[in-house]
Amino acid sequence: MSLHLAVALDGTGWHPASWREPGARADELFTAGFWVDQVREAEAGLLDLVTFEDSFALDSDRADRAQGRLDAQLVALRVGPVTSRIGLVPTVVTTHTEPFHVSTEIATLDYVTTGRAGVRVRVSSREDEYALFGRREYGNETREGLFDEAADHIEVQRRLWDSWEDDAEIRDAATGRFVDREKLHYIDFSGDHFSVRGPSITPRPPQGQPLVSALAHVDVAYRLAARGADLVFVTPGGVGRDGPTGDAEAILRRVREEEAEVGRTGDPLHVLGDLLVVLDDSADAARERLARLDETDGRELRSDARTLTGTVADVADVLESWHGAGLAGARLRPAVTAHDLPRITRELAPELARRGLFRTAYDADTLRGHFGLARPADRYARA
Amino acid sequence: MAKKQIHLAAHFPGVNNTTVWSDPASGSHIEFASFRHFAQTAERAKFDFLFLAEGLRLREQGGRIYDLDVMGRPDNVAILQALAAVTDHIGLAGTVNSTFNEPLDVARKLATLDHLSGGRAAWNVVTSWDEFTGENFRRGGYLPKDKRYLRAQEMLATAQALWDSWPADEVVADAASGRFLRHGSDTERSGAGPSTDAGRFAIRSDQFDISGRFPVPRSPQGRPVIIQAGDSEEGREFAASSADAIFTRHAELEAGQEFYADVKARLAKFGRRPEDLKILPAATFVLGDTESEAAENARQVQYQQVGPATAIAFAEQVWNRDLSDVDPDGPVPSFDPKTADDVDSGSHISKGRASVRMYKDPVAVANEWRELGEREGLSLREVVIRKNGRHTFVGTPQRVADTIDEFVQSDASDGFVLIPHITPGGMDVFADQVVPLLQEKGSFRTEYEGTTLREHLGLQPSPTTVAAVSVEA
Ligand SMILES: Cc1cc2nc3c(=O)[nH]c(=O)nc-3n(C[C@H](O)[C@H](O)[C@H](O)COP(=O)(O)O)c2cc1C
């Protein structure tokens, strides 16, 4: 069985000094070409998907760091029509958004890409993000409550995607009916934070259910993924808010335990390990590059995911060992996109292929297809 | 003097009975290929912008989902963003509701669309507030009707403050000096290097209490183009104070001139010039090689648009009761409509449809229909067609081009939002046959001259901006 390989795109890269590196194109950060070229590079490397980071609040006030952020869903939508195989997975903040809007937006991404849409959900854990919306008191939230809300958010998205059966549109000229309304369904979701009646305004998207994912470092997040996601990103050898996250085996055990506890049915979660990569021809060169970047930024790089400074072979070794531990693959965070993304696509992907661990051509054209997931039956359809 | 120029928008066929789905030429209403075809046709014809309507809940009638019209649509801003990838010039206008959205999210989306389309974004601000739609959203039907424009006004003012919150050309991204932003204060708030206040705002009003930093640097247009579509007194004032264009239903010469004069006269008190607000009525069209062929085509389209079931459904909206036992090919019912005390109260048979609010006096409407039917010997279906099925422009391409130009030159409008009845090919014939005639008249562009939608519409650039924004209402 081969690995799944994803890249996490975040501006010019995951190192805050990345914008100052050669080829970074930081002055183009807010143009379409900047994003299109990155995703095309990832697609040339045959990757399963790219994720787009997002947050309503800015990361820092430092005028010497890259500033500004576009809406991740719209970035994915702009890229959709000019790519053809790679999955596109924007981040969505569940705490401050309407599940109804998110559901139709992701369905639209799925239509635009004919089946390559996913979504990564995130809860809001920053006070400044609350102030931008002014609707809720930061101090009143509990972590459990936020994650329960995220699970509800996913549930509503999913029910809305199913709220039109595939054959609801009948165009029956004899009776004048465009749809068979027996095949449109109220979802009647009711929860602590919202109630949603439905049906969706958007018919069921090409994949039926676009792929749902989350990044998780702690039990409450593993549980969220077990309840509602298809894919979970984890951080073996990394550090979460509660301290070290453990190795790949320990994390995978926790994920499977949560799946059992919440009574998950159907396909088990695909678990991908996150790794921040600084790649060079030698480990020394990579270390020197990281040191130089840190010096430029005036601060040592901080990361929740393990940071690997080394060669492509070093990364391949880690991914192979994770694979041995049972992970389905990895999501790589390039420290400097301009430098590290081409190394991933042009060197790492072929290296993994040589080891028999990665595809040499795409064999599916939907995101679910890349993960071997069938198009699911509609939950409302009568058998 | 140069001739007054016509502005044209292409309305993707709507989710209503204007769109004919039973025609063999009628394609998908949801696949991206349909949107691409439609947008590329409009761009080929040098239209100012593409326009998408919005409805956030499937309509119902008699307690059931209304099944006679085309249904299903993508998210507007999302599909426009994707269309930016397959077009280069045309403006991209989306209807986005001000009641069931938050200003930071909407402002960020439109600023993103503006960046990733190179300055082509427009927002049609609509105020649907009803509880029926609210059932799909976090806060339900929380907003009283009389606050709909207060919220819209504050929403727009807030969005504009957010768009203005980054100085122009603030991003310099100078790798050598390490300055990403042009301005930075010397106070080292974060401990390393100069800090920035770009995007900082604080807004406190009846509807909003928000603060922080807006995350998107100033976009190519500064402020995306603002469109308004609402007809009440409040709606007109809102447009006069804040919009760049109005989408109206007044597409008849005299009514159009009246509306045009009324709205343009309101501009001065807001310190604006007549050319700062474009008036664009909705218009449908049916063409033919001869006048009589066009008239016959129009008649056929009307019968497609108002089938027997649709005729009954329309009558039910007036009578406010089930009429499934009425014969559409028989006379207009002789009994009176059931009057709801207030059609907005939620008790009306039809839900999620703005036009029911137009039947302010259903008994009078029923009388009118009955008299017309008796006078001319028309069936119920024929009466509905007469009353609801009129096409704005019917004729040869030359006749239609002449009429459009006459409207604009005589100040009945500044152009039109054209609504074809076939998806996605309904605009092709207009693009091929009418637009060249308008160009021959010297009333419509032959090439795009500017790059942004503001430039296409001949609007002034957005005001430039302040470094930190604070609004108190
Ligand atoms: C030409 C026209 C088009 C409209 N399109 C939409 C639409 O797509 N979606 C929507 O929710 N409301 C739409 N509306 C409704 C108005 O925007 C407005 O919210 C409603 O008419 C109530 O405001 P009013 O009382 O000022 O008319 C439209 C109105 C007009 C006149």
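Computed from a prediction, not measured in an experiment: that's the story for all the values here.

Each value, and the rule that gives it
- Residues numbered from 1 in each chain as written.
- Chains lettered and ligands numbered in written order.
- Predicted model: local features only at pLDDT ≥ 70, side-chain atom pairs only at ≥ 80, totals over all residues.
- Heavy atoms only, no water.
- Helix = DSSP H or I, 4+ residues; strand = E, 2+ residues; numbered from the N terminus.
- Rg over C-alpha atoms; globule rule 2.2 N^0.38 Å.
- Buried < 20%, exposed > 50% of the residue type's maximum accessible area, 1.4 Å probe, protein only.
- Contact = heavy atoms within 4.5 Å.
- Areas by Shrake-Rupley, 256 points an atom, 1.4 Å probe, with all protein chains shown as cover.
- Lys, Arg positive; Asp, Glu negative; His and termini not counted.
- Charge placed at Lys NZ, Arg CZ, Asp CG, Glu CD.
- Near = heavy atom within 4 Å.
- Polar contact = N/O pair within 3.5 Å; in protein donor to acceptor, adjacent residues only side chain to side chain.
- Pairing = 2+ DSSP bridges.
- Axes fitted to C-alpha atoms, helices over the stretch in contact; angles between N-to-C directions.
- Expected span 1.5 Å × (residues − 1).
- Parallel < 35°, antiparallel > 145°, perpendicular 65-115°, else oblique.
- Nonpolar A, V, L, I, M, F, W, Y, C, P; charged D, E, K, R; others polar.
- Buried area = accessible area lost by both parts, 1.4 Å probe.
- Salt bridge = Lys/Arg side-chain N within 4 Å of Asp/Glu carboxyl O.
- Domains from an automatic or database assignment.
- Left-handed = near helix turned anticlockwise from the far one by under 90°.
- Phe/Tyr/Trp six-rings, centres within 6.5 Å; stacked < 30°, edge-to-face > 60°.

S.K.: How should the overall build of chain B be read in this particular structure?
M.R.: Across its full length, chain B carries 14 helices and 18 strands. In terms of overall dimensions, chain B is globule-like: its C-alpha atoms have a radius of gyration of 24 Å, near the 23 Å expected for 473 residues. With respect to the three principal axes, the spread of C-alpha positions in chain B is 85 × 50 × 45 Å. Burial status across chain B gives 61% buried among its 473 residues. Sequence separation of 24 or more characterises 76% of the internal contacts of chain B that already satisfy a separation of 6 or more. Of the roughly 17900 Å² of accessible surface on chain B, a fraction of 47% belongs to carbon and sulfur atoms. Of the side-chain charges in chain B, 51 are positive and 69 negative, and the distance between the mean point of each set is 3 Å.

S.K.: What is the right way to look at the environment of Arg353 of chain B in this model?
M.R.: Within the secondary structure, Arg353 of chain B sits in the loop between strand E15 (350–351) and helix H10 (362–376). For Arg353 of chain B, a relative accessible area of 8% translates into the label buried.

S.K.: Would you mind showing me how to read the site of the ligand here?
M.R.: All names here are of chain B. What surrounds the ligand is a group of 14 residues, the closest being Glu54, Arg148, Tyr149, Ala229 and Ser232. Contact distances for the ligand include 2.7 Å between a nitrogen atom and a backbone N or O atom of Glu54. Residue Ala229 places a main-chain N or O atom 2.2 Å away from an oxygen atom belonging to the ligand. Burial of the ligand by the protein chains amounts to 85% of its free accessible area of 620 Å².

S.K.: What is the right way to read the sheet that holds strand E1 (residues 7–11) of chain B from this model?
M.R.: Within a sheet, adjacent strands bond to each other through the backbone by hydrogen bonds, running parallel or antiparallel. Residue and element names in this part refer to chain B. Reading around the circumference, E1-E2-E5-E6-E11-E12-E13-E17 is the order of the eight strands in this closed barrel, with parallel pairing throughout. Put simply, the sheet's adjacent strands are angled 25° from each other on average, direction ignored. Note that strand E6 (residues 121–126) and strand E11 (residues 225–228) share four bridges and pair parallel. The residue bridging Val125 from the neighbouring strand is Gln228, located in E11.

S.K.: Could you clarify how one ought to interpret helix H1 (residues 32–44) of chain A in this entry?
M.R.: Every α-helical turn comprises 3.6 residues, leaving residues that sit three or four positions apart pointing alike. Spanning 13 residues, H1 of chain A covers 18 Å between terminal C-alpha atoms, matching the ideal 18 Å at 1.5 Å per step. Taken as a whole, H1 of chain A has its buried residues at Ala32, Phe34, Trp35, Val36, Gln38, Val39, Glu41, Ala42 and Glu43 of chain A. Those residues of H1 of chain A that are buried are in contact with strand E1 (4–9), strand E2 (49–52), helix H2 (72–79), strand E3 (87–93) and helix H10 (337–354) of chain A together with helix H3 (103–116) of chain B. Downstream of H1 of chain A by a residue or two, Leu46 of chain A has a phi angle that is positive, lying close to 65°.

S.K.: Quick question: what am I supposed to make of the packing of helix H9 (residues 308–319) of chain B against H10 of chain B here?
M.R.: All names here are of chain B. Contact geometry of H9 with H10 gives a least axis separation of 9 Å together with a crossing angle of 135°. Taken together, the axis directions place H9 and H10 in an arrangement best described as oblique. On H10, the residues that touch Phe314, Ala315, Val318 and Trp319 of H9 are Pro362, Val365, Ala366, Trp369 and Arg370. Residues belonging to the contact of H9 with H10 are distributed by class as follows: eight nonpolar, no polar and one charged.

S.K.: Help me understand the interface of chain B and chain A in this model?
M.R.: It is common to give the size of an interface as the accessible area that goes away when the parts come together. Every contact between the two is made by 79 residues of chain B and, on the other side, 76 residues of chain A. For the pair chain B and chain A, the summed buried area comes to about 6600 Å², and 59% of that belongs to carbon and sulfur atoms. Looking at the side of chain B facing chain A, the largest losses of area belong to Trp21, Arg138 and Phe180 of chain B, adding up to 14% of the total buried there. Applying the counting criterion to the chain B and chain A interface returns 11 salt bridges. A salt bridge links Arg200 of chain B to Asp61 of chain A; the nearest nitrogen and oxygen atoms lie 3.5 Å apart. At the surface where chain B touches chain A, the tally comes to 38 residue pairs in polar contact (both at pLDDT 80 or more). For the side of chain B that touches chain A, the secondary-structure elements that each account for two or more residues are strand E4 (64–65), helix H2 (76–83), H3, strand E7 (171–174), strand E8 (179–181), strand E9 (200–204) and strand E10 (209–213) of chain B.

S.K.: Help me understand the domain arrangement of chain B in this model?
M.R.: All names here are of chain B. Parsing chain B into structural domains produces domain 1 (7–167 + 200–291 + 392–471) and domain 2 (307–388). A C-alpha centroid distance of 30 Å is found between domain 1 and domain 2. Every contact between the two is made by 13 residues of domain 1 and, on the other side, 14 residues of domain 2. The contact between domain 1 and domain 2 buries some 1200 Å² in all, and 51% of this surface belongs to carbon and sulfur atoms. Three residues, Arg59, Gln61 and Leu68, lead the burial of domain 1 against domain 2; their summed loss comes to 38% of the area buried on that side. Where domain 1 touches domain 2, the interface holds zero salt bridges. One can count six residue pairs in polar contact (both at pLDDT 80 or more) joining domain 1 with domain 2. Among the residues making up the side of domain 1 that touches domain 2, the classes are represented as four nonpolar, four polar and five charged.

S.K.: Looking at this structure, I do not really get the pairing of E10 of chain B. What am I missing?
M.R.: Residues and elements named next belong to chain B. Here five bridges tie E9 to E10, and the two strands are oriented antiparallel to one another. By the bridge assignment for E10, Arg204 is matched with Asp209. Taking the residues between adjacent antiparallel strands as the criterion, E9 and E10 are bridged by four residues.

S.K.: What exactly am I supposed to notice about the sheet that holds strand E3 (residues 60–61) of chain B here?
M.R.: All names here are of chain B. With respect to topology, three strands assemble into an open sheet ordered E4-E3-E15, the strand pairing being antiparallel. Two strands in the sheet have a free side with no partner beyond their single neighbour: E4 and E15. Judged from the two bridges that link them, E3 and E15 form a sheet pairing that is antiparallel. Of the residues in E15, the one forming a bridge with Glu60 is Lys351.

S.K.: Would you take a moment to explain helix H6 (residues 219–228) of chain A for this structure?
M.R.: Residue and element names in this part refer to chain A. Taking burial as the measure, the 10 residues of H6 include seven buried ones, the bulk of the element. Along H6, the residues classified as buried are Val220, Ala221, Tyr222, Leu224, Ala225, Ala226 and Gly228. Its buried side turned inward, H6 meets strand E4 (118–122), helix H5 (143–162), strand E9 (211–215), strand E10 (231–234) and helix H7 (248–261).

S.K.: It is not clear to me how the packing of helix H1 (residues 32–44) of chain B against H2 of chain B should be interpreted in this structure. Could you clarify?
M.R.: Each pair of packed helices can be described by the angle between their axes along with the distance between the axes. Residue and element names in this part refer to chain B. Where H1 contacts H2, the two axes come as close as 10 Å, and the packing angle between them is 65°. When the axes of H1 and H2 are compared, the crossing they make is right-handed. Each of Phe32, Phe35, Arg36 and Ala39 in H1 lies in contact with H2, whose residues at this interface are Ile79, Ala82 and Leu83. A per-class count over the contact of H1 with H2 returns six nonpolar, no polar and one charged.

S.K.: Can you help me understand the packing of aromatic side chains in this one?
M.R.: Residue and element names in this part refer to chain B. Counted according to the given criterion, the structure contains 21 aromatic pairs over all chains. Residues Phe285 and Phe430 carry aromatic rings whose centres are separated by 5.0 Å and whose planes lie at 50° to one another, so their mutual orientation is tilted. Of this pair, Phe285 sits in strand E14 (residues 285–287) while Phe430 is found in helix H13 (residues 428–440), placing the two residues 145 residues apart along the sequence. For Phe285, a relative accessible area of 4% corresponds to the buried category. Ring centres 5.4 Å apart and planes at 70° place the aromatic pair Phe407 and Phe416 in the edge-to-face group. Here Phe407 matches Phe416 in class, with each residue buried.

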